[in-house]
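The chain contents come next:
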Amino acid sequence: MYSAQDERRLFDKAKYLIDNNENDDRTTAEQLRAVIVYADWKYYVQNEPTLADKEYDTLFAKLKQIEARHPELITPDSPTHRVAMGLSERFPAVSHLVPMLSLDNTYNSDDLTDWDRRCRELAGTDNITYCIEPKYDGASVSIIYENDLLTRGATRGDGVMGEDVTVNVKQIRSIPLSAKLKEFGIRQMEIRGEIVIHKKVFEEYNKQRIADGLAPLANPRNAASGTLRILDPAEVRKRGLNAILYHISDYTLEQGAERPEALATHFGSLTWLYDLGFPSPAKEMKVCNSIAEVIEYCAEFEGRRDDLPFEVDGLVIKVNDFALQDRMGMTSHHPRWAVAYKFKARQATSKLRRVEFQVGRVGTITPVAKIDPVHIGGVTVSSISLFNEDVIREKDVRIGDTVLVERAGDVIPYIVKPLSELRDGTEEPIVYPTTCPACASQLEKLPEEAAWRCINISCPVQVVERIIHFASKDAMDIRSMGNANVQKFHDLGLLPDIPGIYHINWDKVRTLEGFGDKSVTNLQQAIENSKKQPLYRVIFGLGIRHVGETTAKTLASAVGHLTDFYEWDVEKLTTLQDIGPKVATSVADFFARTENRRMIDMLAEAGVNLANDHKNQATTDGALSGKTFLFTGTLSRFKRSDAEAMVEEKGGAILGGVSSKLNYLVVGADAGSKLEKAKKLGTINILTEDEFMTLIQG
Ligand code: IVH
């Protein structure tokens, strides 16, 4: 698609265009289009982002501005056209140029050997080359290009008629809106492929849904196919779909044109597509000259199926030579020249025996289905979260149901649905408790939340969970103070609460089985060491709702001492980096409570460090000593906590907000008010993620 030289030129041009324009709008618009198409290709097809999201957004916004000023400069394949208006109607039905067939399945080497024998009979030769590519588990799609432009995208539907989802297909940034097909004498071409969603994107998306009190989506496949059909293209764009195009199903040549050489074989055609900028699986393909080779590759690939960023449910083996494919033909269901080799199922059925209601650290009640243990994809599953009451109601799962369980890749297992056709009338509805299963207090549910909560601060399960969290690795890091010991000490009355960690009766502990002098000394030492932990670890360890490690760091860097927060109200808290009203309210509530203040006093008395020694001043050794940093926006190259650790390691300090004391603001995507403020101050160095990395490494 691009030579190394083209790539360098486009990259430099992109960087240049962020702050400059060409002489006239027409040329600027052309250049902007070229660099945006290049950036999309790098990001979505090659998986190697070149520009920071913010830089990309700047280029995109510039192009939109020019097109708004000069509509005559808009081209039909402008990347801005991916941003479509909302749809008001359901998607119209369209007929496919060629029916979208399915695939026949094989499950083992015998099946493959049989298929190979049939292929050789039908092809009339023993000389067959096979191509193998992943079988992507997503939603199939048909895309038509006419006169070099993407003109239609459609779902599979019933294979003959599909839904016209062109606007949504255009939101998928790996799919080119135009391609130079006419240069190859091709007037019209239909390409088939799969719309997929990265496993990571899917998990993040579901985490957000759960946090928002919505039911998580079942699996990446359902998420992809559901997204393709939603009526709001902006939402489609947000969900970060991807595409893999694996089959040219039809093409029409320009009058007098000859078929391009590459279109004689499957391998040739997918490589050709890839070179034209399409997201084909060219780099994922394996060419085999015998079925023995195919079988060996299938076994080897199955072992690393989880390494791919997308969910893969098998491999597809295709006869490479199109002339042979034509000779072999197809049934009304599937082509005879291709077959799917399906990996071992990751779905299983099991009986739902009961539902346990677990109490979390902050009192959230989570229903957990206990099922008869089943083996799915190499692990035994017996407990599955049902998330919240809405999920139970939506799925209508009942005790005694046979349930379909799926474990997609490394994604956590979930209940797809109850098999209601197998019910015999003995199934019982799941009764959600009204009182806490641990302390019997009345449960509460806030109107905007999906989960019921036990708000009894002394609820024994919450107390134990809070102590475990306080001692955990990312908080105070008190080794050997894990679940079992905390539970044991608590049950014996030796550890009533968090400050109790610093007042354990060690004489009593020494009388317990398994607590010799050595383990007691180690435990005492670990507890003693924890007193010197930095303030952010204490804050994180306190287990304030909505306060994760990053927020804890922000909070810690904003004060000189933990008790300073007694004076902070919601408004003041929201001035801090990435702290919105929800988090601010939770923090303010926490520090307003008498029992929490008492706990903080007790920690102070025990000698736990509650001061922020680094406040607004950096340490004096290290390459970044004396320098202050702040990160804003969504970072794509590294986790914020890791970047902050790198700064601190080099002697720099992290600040909680933009002020004249700040030296560097590192901006990710969608940076907002912090960036504006920094620009206004004019004294702060604003860095992209790449520039930050250069600084850190230098
Ligand atoms: S070829 C006529 N190749 O699997 C060509 N299909 O179970 C038929 N699929 O409907 C399709 N990855 O949606 C082909 N590399 C791949 C595929 C693939 C996933 C899907 C496709 C098909 C389904 C059949």
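Bear in mind that the values here come from a model prediction, so they are computed numbers and not experimental data. (Residues numbered from 1 in each chain as written. Predicted model: local features only at pLDDT ≥ 70, side-chain atom pairs only at ≥ 80, totals over all residues. Heavy atoms only, no water.)

Novice: Any chance you could break down the sheet that holds strand S17 (residues 414–418) for me, citing the residues and the numbers?
Specialist: Strand order in the open sheet formed by five strands is S14-S13-S12-S16-S17, with antiparallel pairing between adjacent strands. Among the strands making up the open sheet, the edge pair consists of strand S14 (379–385) and S17. Adjacent strand axes in the sheet meet at a mean angle of 45°, parallel and antiparallel pairs treated alike. Examined bridge by bridge, strand S13 (residues 365–376) and S14 share six bridges and lie antiparallel to one another. Within S14, the residue paired with His 375 across the bridge is Thr 380. (Pairing = 2+ DSSP bridges. Helix = DSSP H or I, 4+ residues; strand = E, 2+ residues; numbered from the N terminus. Axes fitted to C-alpha atoms, helices over the stretch in contact; angles between N-to-C directions.)

Novice: Describe the pattern of salt bridges, with residues and values.
Specialist: Counted according to the given criterion, the structure contains 34 salt bridges. For Asp 126, the salt bridge is made with Arg 120, and the minimal N-O distance between the two is 3.2 Å. When its relative accessible area of 61% is taken as the criterion, Asp 126 is described as exposed. (Salt bridge = Lys/Arg side-chain N within 4 Å of Asp/Glu carboxyl O. Buried < 20%, exposed > 50% of the residue type's maximum accessible area, 1.4 Å probe, protein only.)

Novice: Talk me through the state of the cysteines; I want residue IDs and the actual numbers.
Specialist: Tallied over the entire structure, the rule returns zero disulfides. We note that Cys 439 lacks a disulfide partner, and the nearest cysteine sulfur, in Cys 454, lies 3.6 Å from it. (Disulfide = S-S within 2.5 Å.)

Novice: Can you explain the side chain of Glu 7? Please cite residues and give values.
Specialist: Here Glu 7 shows up in helix H1 (residues 4–19). Residue Glu 7 is classed as buried on the basis of its relative accessible area, which comes to 17%.

Novice: Pulling in residues and values, what's your account of the packing of helix H4 (residues 109–123) against helix H10 (residues 291–302)?
Specialist: Two elements in contact, H4 and H10, have axes whose closest approach is 10 Å; the angle formed by their N-to-C orientations is 150°. Here H4 lies roughly antiparallel to H10, going by the angle between them. Here H4 and H10 pass one another in a crossing that is right-handed. Where H4 approaches H10, its residues Ser 109, Leu 112, Thr 113, Trp 115 and Asp 116 are matched on the opposing element by Ile 291, Ile 295 and Cys 298. Here the contact of H4 with H10 is built from residues that sort into five nonpolar, two polar and one charged. (Parallel < 35°, antiparallel > 145°, perpendicular 65-115°, else oblique. Left-handed = near helix turned anticlockwise from the far one by under 90°. Contact = heavy atoms within 4.5 Å. Nonpolar A, V, L, I, M, F, W, Y, C, P; charged D, E, K, R; others polar.)

Novice: Give me the side chain of Asn 485: which residues, what numbers.
Specialist: Structurally, Asn 485 is set in helix H14 (residues 483–491). Ignoring sequence-local partners within four residues, the contact set of Asn 485 consists of Ser 480 and Phe 515.

Novice: Could you give an account of the site of the ligand, with specific residues and numbers?
Specialist: Close contacts around the ligand come from 14 residues, with Glu 133, Pro 134, Tyr 136, Glu 194 and Lys 318 the closest. In this structure, a nitrogen atom belonging to the ligand sits 3.0 Å away from a main-chain N or O atom of Tyr 136. Ser 140 places a polar side-chain atom, nitrogen or oxygen, 3.4 Å from an oxygen atom of the ligand. Protein burial of the ligand: of its 530 Å² of free accessible surface, 89% is covered by the chains. For the shell around the ligand, the secondary structure elements donating two or more residues are strand S3 (130–136) and strand S10 (312–319). Here the shell around the ligand gets four residues from one element, more than from any other, and that element is S3. Split into classes, the residues belonging to the shell around the ligand amount to eight nonpolar, two polar and four charged. (Near = heavy atom within 4 Å. Polar contact = N/O pair within 3.5 Å; in protein donor to acceptor, adjacent residues only side chain to side chain. Areas by Shrake-Rupley, 256 points an atom, 1.4 Å probe, with all protein chains shown as cover.)

Novice: Residues and numbers for the sheet that holds strand S7 (residues 186–197), please.
Specialist: Taken in spatial order, the four strands line up as S5-S4-S7-S8 in an open sheet, and their pairing is antiparallel. Since the sheet does not close on itself, it has two edges, and those belong to strand S5 (149–155) and strand S8 (241–253), each with one partner. Here the strands of the sheet are splayed against their neighbours by 25° on average, with no regard to which way each runs. Bridge count between strand S4 (residues 139–146) and S7: eight bridges; the pairing is antiparallel. Looking at the pairing, Ser 142 lines up with Arg 192 of S7. Along the sheet, helix H7 (residues 220–228) contacts S4, S5, S7 and S8; its crossing angle with S7, the most-contacted strand, is approximately 130°. In the packing of helix H9 (residues 266–275) onto the sheet, contacts are made with S7 and S8, and the angle to S8 comes to roughly 115°.

Novice: Break down the pairing of S5 for me, citing the residues and quoting the values.
Specialist: Within S5, five of the seven residues are buried, which leaves the element mostly enclosed by the surrounding structure. Both S4 and S5 contribute to a ladder of six bridges, which runs antiparallel. The residue of S5 that forms the bridge with Tyr 145 is Leu 150. In textbook terms, the turn of a hairpin is the stretch between consecutive antiparallel strands, and for S4 and S5 this stretch comprises two residues, one of which, Asn 147, has a positive phi near 45°.

Novice: Explain the packing of aromatic side chains residue by residue, including any values.
Specialist: This model, assessed by the stated rule, comprises 20 aromatic pairs. Ring centres 5.5 Å apart and planes at 45° place the aromatic pair Phe 489 and Phe 515 in the tilted group. Pair noted here: Phe 489 is in helix H14 and Phe 515 is in the loop between helix H15 (506–510) and helix H16 (517–530), with a separation of 26 residues, a long-range link. Since its relative accessible area comes to 9%, Phe 515 is described here as buried. For the ring pair Phe 590 and Phe 591, a centre distance of 5.3 Å and an interplane angle of 80° mean the geometry is edge-to-face. Phe 591 carries the same exposure label as Phe 590, and that label is buried. Within the aromatic cluster, the residues linked to one another by ring pairs are Phe 565, Tyr 566, Trp 568, Phe 590 and Phe 591. (Phe/Tyr/Trp six-rings, centres within 6.5 Å; stacked < 30°, edge-to-face > 60°.)

Novice: An account of the environment of Ile 191 is requested, with residue identities and associated values reported.
Specialist: Within the secondary structure, Ile 191 sits in strand S7. Assessed through its relative accessible area of 0%, Ile 191 is described here as buried. Distance from Ile 191 to His 247, taken between C-alpha atoms, is 5.7 Å for residues 56 residues apart in sequence.

Novice: Requested: an account of unusual backbone geometry, with residues and values cited.
Specialist: For residues that are not glycine, phi is negative in most cases, and the peptide bond is trans in most cases. If you check the backbone angles, Phe 387 has positive phi at about 65° while not being a glycine. Mapped onto the secondary structure, Phe 387 falls in the loop between S14 and helix H12 (389–395). Under the relative-accessibility criterion, Phe 387 is labelled buried at 18%.

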